[in-house]
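# Per-entry structural report
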Amino acid sequence: LPIVSYLDNTTGNLWAAHCSALDCSTSTKFEVDNSANLVGAYTSIAIGADGLPIVAHYDQTTQNLWVAHCSVLDCSSSTKSEIDNSVDSVGFVPSIAIGADGLPVVSYKNNTMGNLWVVHCSVVDCSSSTKVEVDNSANNVGWYSSIAIGSDGLPIVSYRDNTTGNLWVAHCSVLDCSSSTKFEVDSSANSVGLDTSIAIGADGLPIVSYQDNTTRNLWVLHCSAVDCSSSTKFEVDNSANDVGRFTSIAIGADGLPIISYQDLTTESLWVAHCSSIDCSTSTRVEVDSGPNAVGYNTSIAIGTDGLPIISHLDLTLGNLKVLHCSNPLCIPYWRR
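Rules behind the numbers
Residues numbered from 1 in each chain as written. Predicted model: local features only at pLDDT ≥ 70, side-chain atom pairs only at ≥ 80, totals over all residues. Heavy atoms only, no water. Phe/Tyr/Trp six-rings, centres within 6.5 Å; stacked < 30°, edge-to-face > 60°. Helix = DSSP H or I, 4+ residues; strand = E, 2+ residues; numbered from the N terminus. Buried < 20%, exposed > 50% of the residue type's maximum accessible area, 1.4 Å probe, protein only. Pairing = 2+ DSSP bridges. Axes fitted to C-alpha atoms, helices over the stretch in contact; angles between N-to-C directions. Lys, Arg positive; Asp, Glu negative; His and termini not counted. Salt bridge = Lys/Arg side-chain N within 4 Å of Asp/Glu carboxyl O. Polar contact = N/O pair within 3.5 Å; in protein donor to acceptor, adjacent residues only side chain to side chain. Contact = heavy atoms within 4.5 Å. Disulfide = S-S within 2.5 Å.

## Some thoughts on the packing of aromatic side chains
- Inspection of the entire model under this criterion finds six aromatic pairs.
- Ring centres of Tyr58 and Phe92 lie 6.0 Å apart, and the angle between their planes is 90°; this geometry places the pair in the edge-to-face category. Taken together, the residues Tyr58 in strand 5 (residues 53–59) and Phe92 in strand 8 (residues 92–98) connect sequence positions 34 residues apart.
- On the basis of relative accessible area, Tyr58 is assigned to the buried category, the value being 6%.
- By relative accessible area, Phe92 is classed as buried at 15%.
- Summarising the aromatic geometry, the rings of Phe92 and Trp143 are spaced 5.7 Å apart at their centres and angled 85° between planes, so their arrangement reads as edge-to-face.

## Digging into the sheet that holds strand 13 (residues 155–161)
- Strand order across the open sheet formed by four strands is 12-13-14-15, with antiparallel pairing between neighbours. With one partner strand each, in any of the chains shown, strand 12 (143–149) and strand 15 (180–186) form the two edges of the open sheet. Along the sheet, successive strands turn relative to each other by an average axial angle of 20°, direction set aside.

## Section: the side chain of Asp161
- The topology assignment puts Asp161 in strand 13.
- Despite its burial, Asp161 pairs with no opposite charge, the nearest such side chain being Arg160 at 7.3 Å.
- Of the polar contacts made by the side chain of Asp161, one reaches the backbone nitrogen of Thr163; its length is 2.8 Å.
- Among residues more than four places away in sequence, those in contact with Asp161 are Asn139, Asn140, Val141, Asn166 and Trp168.

## Thoughts on the state of the cysteines
- Enumeration according to the criterion identifies seven disulfides in this entry.
- The disulfide that involves Cys19 links it to Cys24, with 1.6 Å between the sulfurs. Note on accessibility: Cys19 and Cys24 belong to one class, buried.
- Here Cys121 engages in a disulfide with Cys126; their sulfurs sit 1.5 Å apart.

Laid out in structure tokens, this is it:
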């Protein structure tokens, strides 16, 4: 059953909503961190090797990185650990995945230094961990990081260089990311790499969705090697609108990438379903539109029923929404 981590912006606390049905038509919610601090910003959730949810999030008060490890499937009880309490402002926009060793690994930005860091947990609940600086460029890097575990069993991170406005990928050479290589995968003259999201395709190769901030369009980059040392990129949505915000990518039950994102002009939620593994061809559909302003902070996953499920923010109501697709393409009233 789906589980969603999110911020209550009024109380400044971290919550989790556990669905009681595959389509999330019923659910229960639990306050995971009700610290006096402003916690729960930029949450990222994964299911650990112990079968339990684990959430990385940012403490806005201390400007540190935290992890909450659920003790039960619905997250009604949990323990929390501060995994980077540097004097710097750290933990900005974290992304969490479960490594080939069964241990969580978190990518994030050190906002003070403007660098990309990775924390590798030493235990499943992340109560002990080590951290490493993956990109210490003189540029302001590490923006919008997204982490996945490659088909080689090693972490790979997509992120933006905010100085050059380019998209980068860092491929770890070891499980804890203490050594790595990095590649500039989109060095367009445009400002690119906003809201990156990375997944590993059915071909075993990384694939990254992101926005071109100059043209305001949605792009996908398909790596030709496991370390992303070579790649090709495709414009998936070149609408006249401001599209491609808050991208989130997953690999569907049909083995093809599927992307949720927002059209900021109409403030609506869209899905792009790739017709090929590299996303060189695709179809797009609007899945939630007005009168409310929706589609903010999208996150997509594939349910155990093989169908996409998307969480997003209804900004008008200030509420959390979940959309469950009735078919792999997310097309309304679809028939085989």
